[in-house]
Amino acid sequence: MKPAETLGRLEIKALLAGEADDWLFARADEVKRQYFGKEIWLRGIVEFSSYCRCDCHYCGLRAANRDIERYRLSHQEIIDSALKVDKAGIGTLVLQSGEDSRFRQDGISRILSTIKQQSQLAITLSLGERSHSELALWREAGADRYLLKLETLDAELYSRLRPGRVLDKRLKLLETLKSLGYETGSGIICGLPGSKSDALADALLALSAMELEMLAVGPFVSHPQTPLANTANGNVLECQRACAILRLLNPGANIPATSALDALQSGARLDSLSRGCNVLMPSFTPQKDSSKYLIYPGKNASGCPLEQRLADIKLSLKARGLHCSADRGNARRQINV
Ligand code: SAM
Ligand code: SF4
C-alpha cells in the first residue's frame, strides 16, 4: 500500500518528539477520512480466558501472578457472548485470551464453526503463539483475522520481557498467518521499560514494511503484580503520535484506539479517533468476569452495563461528527471516500 506521506527515520523522530503535532494529527485525520469517511469500526471483544502459560513481565495475566482470580468461559458462554456482538449490529468479533492450553484446536474450531453458522460476523483471533496446524484449522473453520503483537522489535528486550520466547519465532508466525490467508495484525507497546531511545521510530518503519492489515500501538501501563511494578507508564501523547504516523505510512490499515489509552488518561481513546485511529473494541466479556481480565490496572474498569457503554460510545462519536459502522470493516487498499 502506498504511504500517504513518505517519512524517513529523522522525520519520524522529529514527529515523535512533538515538533509538528498540529500538522501530524490534522493530516492523520484527513487521511483516515479519505479511506474510511466518518465511520468507526466497532469490534466486540470477548476475553474468554485469563489463564496463561506465559510469563510476560509486563502483563497481569502472567502465569507467575498468583494474586489474581482466574476465569475461563464455557464454550456456550463464548458463543452466547459472540452472538450478542452480532445482535448489537457490530460486524466483527474478536476472541482473545491468555495462552490457555485447555482451549485445544478442536474446541476452538467448534466454537468458530458454530458462530459462523449462526451469524455474519467476521472473526479475529488473538490467542497468542499457536502451532501451524492449529492456525490452519481455525482459518478453515472460519477465522478471518489474527492479531499477534510483536510488543517490541528489540530482540534482546523481547526475550528478557517474554522469558523463553524469541522475536524471530513471532515474526515467522506473522508470515505463517499471512500465508494462510488471515488478515494479519501486529503492533507494539509504547514506552515499554528498557526500550532504547530511537526504537519507536525504527519499530514504526519496520511494522509498516510488513504490509499488515491491522496495526496497534498501545501505551505501557505498569501492573503492581508484575516484575515491572513501579516502573513509569508509557506516554499517551507519544502513543497518539505513533498511531498518527502509522496512519500516514499505512493509510488503509485498521488502527485501533486501545483501551490502555483510557487507563492512563480518561477520554484519550476517543480523542485518538480524531488523530488517525479508526477502530474501537468494546468488551462483550460477561460482566461477572470482565474485570478479572486484568492485563493492567484500569482494564475493563467501567461498571456500566454493556447497553449503556454502547449507547455512550455512539453519543460520543456523534458529538465528534463520527458514527459506528455495522460493516465487517476490512482494511482498505485505496481511497474510498
Ligand atoms: N495472550 C495473547 C498475546 O499475548 O498475544 C493475547 C492477549 S494479551 C493480554 C493482549 C495484549 O495485551 C498484548 O499483545 C500486549 O500488547 C497487551 N498488554 C499486556 N500487558 C500490558 C501492559 N502492562 N500495558 C499495555 N499493554 C499490555
Ligand atoms: Fe499471556 Fe498475552 Fe499476557 Fe503474555 S501478554 S502473559 S501471552 S496474556
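Just so it is clear, the structure is predicted and the values come from calculations on it, not from any experiment.

Let us now look at the site of ligand 1. Residues in contact with ligand 1 amount to 17 residues; listed here are only the nearest, Tyr 58, Ser 97, Glu 151, Val 221 and Ile 295. Tyr 58 has a polar backbone atom sitting 2.8 Å from a nitrogen atom of ligand 1. Here Ser 97 contributes a backbone N or O atom positioned 3.1 Å from a nitrogen atom of ligand 1. Looking at the shell around ligand 1 residue by residue, the class counts come to nine nonpolar, five polar and three charged.

A few words now on the confidence of the model for the chain. The predicted structure's coordinates, where accompanied by low pLDDT, should not be read in detail. Mean pLDDT for the chain: 96, with 100% of residues reaching 70 or above. As scored by the predictor, the complex reaches a pTM of 0.97 and an ipTM of 0.99.

All right, on to helix α13 (residues 306-319) then. Helix length check: α13 (14 residues) gives 20 Å between terminal C-alpha atoms against 20 Å at 1.5 Å per residue, within 8%. Those residues of α13 hidden inside the fold are in contact with β1 (39-49), α11 (268-272), β7 (279-280) and β8 (323-325). Count one or two residues on from α13 and you reach Gly 321, which has phi positive near 75°.

Despite not being glycine, Glu 211 shows a phi value in the positive range, around 50°. Positionally, Glu 211 belongs in the loop between α8 (199-209) and β6 (214-219). In this structure Glu 211 comes out as exposed when scored by relative accessible area, which is 51%. In this model, Asn 300 sits at a positive phi of 50°, which is unusual for a non-glycine residue. Here Asn 300 lies in the loop between α12 (287-290) and α13. With relative accessibility at 18%, the residue Asn 300 sits in the buried group.

Definitions and cut-offs
In every chain, residue numbers begin from 1 and rise along the written sequence. Here every chain gets a letter starting at A, and every ligand a number starting at 1, in the order they are written. In keeping with the model being predicted, local features are shown solely for residues with a pLDDT of at least 70 and side-chain atom pairs are shown and tallied solely at 80 or more, while totals for entire chains, interfaces and linings include all residues. Side-chain calculation: all heavy atoms of the structure are included, whereas hydrogens and water are not. Any residue with a heavy atom positioned within 4 Å of a molecule or strand is treated as near that molecule or strand. Polar contact is the term for a pair of N or O atoms within 3.5 Å; when the atoms are in protein, one must be able to donate a hydrogen and the other to accept it, and sequence-neighboring residues count only if both atoms are side-chain atoms. Amino acids are sorted into nonpolar (Ala, Val, Leu, Ile, Met, Phe, Trp, Tyr, Cys and Pro), charged (Asp, Glu, Lys and Arg) and polar (every other residue, Gly among them). Per-residue confidence from the predictor is given as pLDDT, running between 0 and 100. Each helix is a run of H or I in the DSSP string that is no shorter than four residues. Each strand is a run of E no shorter than two, and both are numbered from the N terminus. An expected span of 1.5 Å times one less than the residue number is assigned to each helix. Should any heavy atoms of two residues lie within 4.5 Å, those residues are considered in contact. Between buried and exposed lies partly exposed: a residue is buried under 20% and exposed over 50% of the maximum accessible area for its type, with that area taken using a 1.4 Å probe on protein chains only.

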